[in-house]
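If you want the building blocks of each chain, they are given just below.
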Amino acid sequence: AEMHGLRAGDQVWSEPGLLEWCVGRTRRGWVKNGLAIGLSGGFLEPLESTAIQSIDMSARWLAAMMPSTDHEDTLRAKFNSTVERFYDNVRDFLSLHYVLNNRDDTPYWRAVRADAKRSAGSSARQRITAASNQGGTSGRSSITAGGWPW
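Residues numbered from 1 in each chain as written. Predicted model: local features only at pLDDT ≥ 70, side-chain atom pairs only at ≥ 80, totals over all residues. Heavy atoms only, no water.

A. Representation of the side chain of Ser 54 within the structure. Within the secondary structure, Ser 54 sits in helix H1 (residues 48-64). Those residues in contact with Ser 54 that sit more than four places away from it in its chain are Gly 38, Phe 86 and Tyr 87. (Helix = DSSP H or I, 4+ residues; strand = E, 2+ residues; numbered from the N terminus. Contact = heavy atoms within 4.5 Å.)

In structure tokens, the structure reads:
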């Protein structure tokens, strides 16, 4: 059915629009005295759960790494490395979600699975290969063992 507008009471809303976004993370979340936390540090998928978790985890890491007010280079490097691993692990988790699920009933699922296979990091590709060699879900323990920040 063609949709010409949504009606809520006496109000008519316009047709839904297509949202486009850039996916990825900053190269360095902490530069000099500036810190990128939450969506300013990275965006991987349109669900807010990872954004909320990235805010919580970044605040915890920052609090743990701030013994002084000197903003030492080693602390910044450690924070940036930790946040980088967090986003890479979330990317791999999302890739595995789309690659290893059984949905193949619509063009959406086929396209997103192909995109996930192309964009998966090397650690996700290794986990995908391990799961494929073990018959998919029967290899679940090797897929989830270690590496995930949660």
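B. The arrangement of the pattern of salt bridges in detail. Applying the stated criterion to the full structure yields nine salt bridges. Note that Arg 76 is salt-bridged to Asp 73, the shortest N-O span being 2.2 Å. Residue Arg 76 and its partner Asp 73 are located together in helix H2 (residues 73-100), separated by three residues, close to a single helical turn. Assessed through its relative accessible area of 58%, Asp 73 is described here as exposed. Measuring nitrogen to oxygen at the nearest pair gives 3.0 Å for the salt bridge that ties Arg 91 to Asp 92. On the accessibility criterion, Asp 92 (2% relative accessible area) is buried. (Salt bridge = Lys/Arg side-chain N within 4 Å of Asp/Glu carboxyl O. Buried < 20%, exposed > 50% of the residue type's maximum accessible area, 1.4 Å probe, protein only.)

C. Geometry of the packing of aromatic side chains. Taken as a whole and judged by the stated rule, the model has five aromatic pairs. Seen in terms of ring centroids, Trp 30 and Phe 79 are 5.7 Å apart; in terms of plane orientation they differ by 85 degrees. Their pairing is edge-to-face. Taken together, the positions of Trp 30 in strand E4 (residues 30-31) and Phe 79 in helix H2 put the pair 49 residues apart, joining distant regions of the chain. Each member of the pair, Trp 30 as well as Phe 79, is classed as buried. Seen in terms of ring centroids, Phe 86 and Tyr 87 are 5.3 Å apart; in terms of plane orientation they differ by 80 degrees. Their pairing is edge-to-face. A single burial state applies to Phe 86 and to Tyr 87, both of which are buried. Taken together, the ring pairs connect Trp 61, Phe 86 and Tyr 87 into an aromatic cluster. (Phe/Tyr/Trp six-rings, centres within 6.5 Å; stacked < 30°, edge-to-face > 60°.)

D. Representation of the environment of Glu 84. By the secondary structure assignment, Glu 84 is in helix H2. Given the relative accessible area of 34%, Glu 84 is considered partly exposed. C-alpha of Glu 84 to C-alpha of Arg 28: the two residues are 56 residues apart in sequence and 7.9 Å apart in space.

E. Molecular detail of the environment of Trp 21. By the secondary structure assignment, Trp 21 is in the loop between strand E2 (11-13) and strand E3 (24-25). A relative accessible area of 42% means that Trp 21 is categorised as partly exposed. Separated by 24 residues in the primary sequence, Trp 21 and Glu 45 place their C-alpha atoms 9.2 Å from one another.

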